[in-house]
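Letter by letter, the chains look like this.
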Amino acid sequence: MLAKTPAGAAPATGTSFLDELFDRGLLIETGVDGLYGRSGLFEAIGDGFQALVTRHGGGDNAEIVRFPPAMARDVFEKSGYMKSFPQLAGTVHCFCGSPADHLALMQTIEQKGDWTAGQQASEIVLTPAACYPLYPTAAKRGALPAEGRLFDLMSYCFRHEPSKDPARQQFFRMREYVRMGTPDQVTEFRASWLERGQALIAELGLPFAVDVANDPFFGRTGKMLAVNQRDQRLKFELLISIESEENPTACLSFNYHQDHFGKTFGLTTADGEVAHTACVGFGHERVILALLKHYGTDVARWPASVRSALGL
Ligand code: AMP
Ligand code: ZN
């Protein structure tokens, strides 16, 4: 279960973990909570983690796809994200005015007024989870082959949840494997990743727990969606202590969407049935932070086995 901070890790002092990460130069302040730069060392740990994920999942011949950290607004609208998590979404707004509007804009900025009031919604929104842009593009290819499909994704994602907890960022990366196919193919994928995910984190020597997820669905209908998610065991999370011992952080997640994306985007199996989908998500920054928390911010002093698993 969740172990105490080991010997050699940063001692508990008055400064927070976030302050320590800033002091060490691992994360770089921007003036906004949850929006940080990353150092070369932070990125090197992350590269090691990504290579480890590929060692565990690479044998499955997933098709690699990389999207930018933004997606089409109409796809986002269709996805249903606003029904569940409107508080987390980020939209891209732009100036589309005339030269006269521009003059007024510059004056408003100079007077420290609300210059954003005139910005207009663009056709783009920020990606909330790496797999969202994938479903319509996969559906466009026509029915799935009999063996279904498997994709390997990675993207910066945005969620508006400003926080001093370094494990809760506004822009963070998510690596995902996404499976599309029959209910059997998809549930088998998720079950196998529930095992593999634990083996992968065990290789890093990090103490963890696995539990059903508790997503922050919005409002009153959200309460029902949360109950449904728990009762139907649609999502599991692999939790590791980062910011708090009592409330460990979800670092990996294992999602079964049933036929939600299949129905929404017209994705069908070889037999013409609505396709089911599932994804496993790896929180890139969260795993790096879990390592830094558990073994300390002096990476040279990490156990040799962990450094070697990460190629450091
Ligand atoms: P979710 O779609 O909420 O299951 O997110 C997938 C993975 O992304 C989670 O398991 C986390 O590891 C990671 N993640 C989610 N939200 C954040 C955040 N605000 N900051 C950093 N990582 C996050
Ligand atoms: Zn996903």
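Treat the numbers as computed from the prediction; the structure is a model and nothing was measured. (Residues numbered from 1 in each chain as written. Chains lettered and ligands numbered in written order. Predicted model: local features only at pLDDT ≥ 70, side-chain atom pairs only at ≥ 80, totals over all residues. Heavy atoms only, no water.)

**What to know about the site of ligand 1**
Inclusion rule: The criterion for a residue being near a molecule or strand is simple. One of its heavy atoms has to lie within 4 Å of it. Polar contact criterion, stated in full: a pair of N or O atoms within 3.5 Å, where within protein one must be able to donate a hydrogen and the other to accept it, and residues adjacent in sequence count only if both atoms are side-chain atoms. Comment: elements are numbered from the N terminus, with helices defined as DSSP H or I runs of at least four residues and strands as E runs of at least two. In this count, Pro and Cys sit with the nonpolar residues alongside Ala, Val, Leu, Ile, Met, Phe, Trp and Tyr, while Asp, Glu, Lys and Arg are called charged and the others, Gly among them, polar.
As a structural note, the neighbourhood of ligand 1 is formed by 14 residues, with Arg-159, Glu-161, Gln-169, Lys-235 and Ser-253 the closest of them. A distance of 3.0 Å is found between an oxygen atom of ligand 1 and a backbone nitrogen or oxygen belonging to Cys-251. Listing elements by their share of the shell around ligand 1, those giving two or more residues are strand E8 (171-181) and strand E11 (249-258). Looking at which element gives the most residues to the shell around ligand 1, the answer is E11, with four residues. For the shell around ligand 1, the per-class residue count stands at six nonpolar, three polar and five charged.

**Quick look at the confidence of the model for the protein**
Which entries qualify depends on this criterion: Known as pLDDT, the predictor's confidence for each residue is given on a scale from 0 to 100. We call two residues in contact when some of their heavy atoms are within 4.5 Å.
In the predicted model, the protein carries a mean pLDDT of 94, and 96% of its residues have values of at least 70. Scored below 50 in pLDDT, residues 1-11 makes 25 contacts in the model with residues more than four places away or belonging to other chains.

**Some remarks on the side chain of Glu-285**
The topology assignment puts Glu-285 in helix H10 (residues 284-295). Setting aside its immediate chain neighbours within four residues, Glu-285 contacts Arg-38, Phe-42, Tyr-156, Gln-169, Phe-172 and Arg-173.

**Here we look at the pattern of salt bridges**
A side chain with one charge may pair with a side chain of the opposite charge, provided their charged atoms come close. We apply this condition: When a carboxyl oxygen of Asp or Glu lies within 4 Å of a side-chain nitrogen of Lys or Arg, that pair is called a salt bridge. Accessibility here uses a 1.4 Å probe with only protein chains present; expressed as a share of the type maximum, an area under 20% marks a residue as buried, one over 50% as exposed, and anything in between as partly exposed.
The tally for this structure, following the rule as stated, stands at 13 salt bridges. Lys-263 is the salt-bridge partner of Asp-259, the closest N and O atoms lying 3.6 Å from each other. Given a relative accessible area of 24%, Asp-259 falls into the partly exposed group. The structure contains a network of salt bridges with shared partners spanning Arg-38, Glu-43, Arg-173 and Glu-285.

**What about the coordination of the zinc ion (ligand 2)?**
Any two of four tetrahedral donors ideally make an angle of 109.5 degrees at the metal, while pairs among six octahedral donors ideally make 90 or 180 degrees. Threshold: Donors, by definition, are the N, O and S atoms found within 2.8 Å of a metal, the threshold being 3.2 Å for Na, K and Ca, and water is not counted, so a site can look incomplete.
Protein coordination at the zinc ion (ligand 2) comes from Cys-131 (SG), Glu-176 (OE) and Cys-279 (SG), with a distance range of 2.2 to 2.3 Å. We note that the donor set of the zinc ion (ligand 2) lies within a single chain, spaced as C-x44-E-x102-C. Residue Cys-131 is found in the loop between strand E6 (120-126) and helix H6 (134-140), and its partner Cys-279 is found in strand E12 (residues 276-283); the two are separated by 148 residues along the sequence. The buried category is assigned to Cys-279, whose relative accessible area is 4%.

**What about unusual backbone geometry?**
Even without being a glycine, Asn-61 presents a positive backbone phi close to 60°. Relative to the helices and strands, Asn-61 resides in the loop between helix H2 (40-57) and strand E3 (63-65). Note on Asn-61: relative accessible area 69%, which makes it exposed. Phi is positive for Arg-233, close to 50°, though the residue is something other than glycine. Turning to its location among the elements, Arg-233 is positioned in the loop between helix H8 (219-231) and strand E10 (235-240).

**Let's talk about the sheet that holds E10**
Selection rule: Strand pairing is assigned whenever DSSP identifies at least 2 bridges connecting the two strands. Fitted lines through C-alpha atoms serve as axes, helices being fitted only where they are in contact, and the angles separating the N-to-C directions of these axes extend from 0 to 180 degrees.
Spatially, seven strands are ordered E3-E7-E8-E12-E11-E10-E9 in an open sheet, and the strand pairing comes out mixed. If you trace the sheet from one side to the other, it starts and ends with E3 and strand E9 (209-212), each paired once. The mean angle between the axes of side-by-side strands here comes to 20°, regardless of whether they run parallel or antiparallel. Pairing of E10 with E11 involves six bridges; the strand directions are antiparallel. Bridge assignment links Phe-236 to a residue of E11, and that residue is Phe-254.

**Focus on the pairing of strand E7 (residues 149-158)**
Of all ten residues in E7, nine are buried, a share of seventy percent or more. Note: E3 against E7, three bridges, orientation parallel. Paired with Val-65 across the bridge in E7 is Leu-153. As defined by bridge partners, E7 adjoins E8 across ten bridges and the pair is classed as antiparallel. Looking at E8, one finds that Arg-149 is bridged to Met-180.

**Some thoughts on the environment of Ser-253**
Looking at the element boundaries, Ser-253 is found in strand E11. In contact with Ser-253, other than residues within four places in its own chain, are Lys-235, Phe-236, Glu-237, Cys-279, Val-280 and Gly-281.

**Examining the nonpolar core**
The tendency in soluble globular proteins is for nonpolar side chains to be buried as a group. Let me state the cut-off plainly: For our purposes a nonpolar core is just a set of buried Ala, Val, Leu, Ile, Met, Phe, Trp, Tyr and Cys residues, chained together by side-chain atoms within 4.5 Å.
Judged by nonpolar contacts, the single largest core of 49 residues is most densely connected at Tyr-177, Ile-201, Leu-204, Phe-282, Leu-291, Leu-292 and Trp-302. Only helix H1 (17-23), H2, helix H7 (183-203), E10, E11, E12, H10 and helix H11 (304-309) provide two or more residues apiece to this core. At seven residues, H10 tops the list of elements feeding residues into this core. Not counting the four nearest positions on each side in its chain, Phe-282 is found in contact with Phe-49, Val-53, Arg-173, Met-174, Arg-175, Tyr-177, Trp-193, Leu-200, Cys-251 and Leu-252. Counting residues in each nonpolar core, the second largest holds 31 residues, with Val-65, Tyr-81, Phe-85 and Leu-134 among its members.

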